[in-house]
Amino acid sequence: QVQLVESGGGLVQPGGSLRLSCAASGSDFDLNIMGWYRQVPGKERELVAFIIRDGSTKYVDSVKGRFTISRDNFKNTVYLQMLRLKPEDAGVYYCNARAASGYEGTWGQGTQVTVSS
């Protein structure tokens, strides 16, 4: 039903940039809230940013001013523009779609982001 495919990850040096994409298929209802989460080995998956269909956004403090989440409702695609990357930004980034808060929703397969000099 709902399918999410992430892309755009890779290896960059500190200070570099990446743009992640999440191509989504599903109903407008199921894709109401789109989020990017990050997970590192041995740690819990954490929310990085989310965006609601109306354009409202929220970011974790550590990425404010550097990351921008956006969505194209015509293409059903969500983006995460990451600027001035730091080593602590590294991890596997997962796209998530849900109808409302309190639901786990659907997860993509993840895309690896490595920040290393």
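Before reading on, note that the structure itself is shown above.
Attention in this report is confined to the structure presented alongside it. (Residues numbered from 1 in each chain as written. Predicted model: local features only at pLDDT ≥ 70, side-chain atom pairs only at ≥ 80, totals over all residues. Heavy atoms only, no water.)

## A word on the pairing of strand E11 (residues 111-115)
The test is simple: Using a 1.4 Å probe on the protein chains alone, a residue whose accessible area is under 20% of its type maximum counts as buried, one over 50% counts as exposed, and one in between counts as partly exposed. In this description a helix means any DSSP run of H or I spanning at least four residues, a strand means any run of E spanning at least two, and both kinds are numbered starting from the N terminus. If DSSP finds at least two bridges between two strands, the strands pair.
Taking every second residue as pointing to the same face, the buried face of E11 carries Thr111, Val113 and Val115, while none of Gln112 and Thr114 on the other face is buried. Here 3 bridges tie strand E2 (residues 10-12) to E11, and the two strands are oriented parallel to one another. Opposite Leu11, over in E11, you have Thr114 as the bridge partner. When strand E9 (residues 91-98) meets E11, the two strands line up antiparallel, connected through 3 bridges. Looking at the pairing, Val92 lines up with Gln112 of E11.

## Brief notes about the environment of Met82
Here is the rule: Residues count as neighbours in contact if any of their non-hydrogen atoms are within 4.5 Å of one another.
Relative to the assigned elements, Met82 resides in strand E8 (residues 77-82). Through-space distance from the C-alpha of Met82 to that of Arg19 is 5.9 Å; in sequence the pair is 63 residues apart. Each residue touching Met82, except ones within four places of it in the same chain, is listed here: Gly16, Ser17, Leu18, Leu20, Arg66, Phe67, Tyr93 and Val113.

## Focus: the sheet that holds E8
Our working rule: Axes, fitted as lines to C-alpha atoms, cover a helix only where it is in contact. Angles between the N-to-C directions of the axes lie from 0 to 180 degrees.
Pairing is antiparallel in the open sheet, where 4 strands are placed in the order E1-E3-E8-E7. With partners counted over all chains shown, the strands left at the sheet margins are strand E1 (3-7) and strand E7 (67-72), one partner each. Put simply, the sheet's adjacent strands are angled 15° from each other on average, direction ignored. Of the pairings in the sheet, the one linking E1 to strand E3 (residues 18-25) comprises 5 bridges and is antiparallel in character. Following the sheet pairing, Gln3 is matched in E3 by Ser25.

## Digging into the nonpolar core
Nonpolar side chains in soluble globular proteins tend to end up buried together. Definition in use: Take the buried residues of types Ala, Val, Leu, Ile, Met, Phe, Trp, Tyr and Cys, join any two whose side-chain atoms come within 4.5 Å, and each joined set is a nonpolar core.
Of all hydrophobic cores here, the largest spans 26 residues; its most connected members are Met34, Trp36, Leu80, Met82 and Tyr93. Secondary structure elements with two or more residues in this core: E3, strand E4 (33-39), strand E5 (46-52), E7, E8, E9 and E11. No other element matches the 4 residues that E3 contributes to this core.

## A few points about the pairing of E8
In terms of burial, E8 is largely enclosed, as 5 of its 6 residues are buried. In terms of strand pairing, E3 meets E8 through 6 bridges, oriented antiparallel. Bridging across to E8, Arg19 finds its partner in Gln81. Note that E7 and E8 share 6 bridges and pair antiparallel. Paired with Ser70 across the strands is Tyr79, a residue of E8. Counting the residues in the hairpin turn of E7 and E8 gives 4 residues, including Asn76, whose phi is positive at 55°.

Nothing here speaks to function; it is all geometry.
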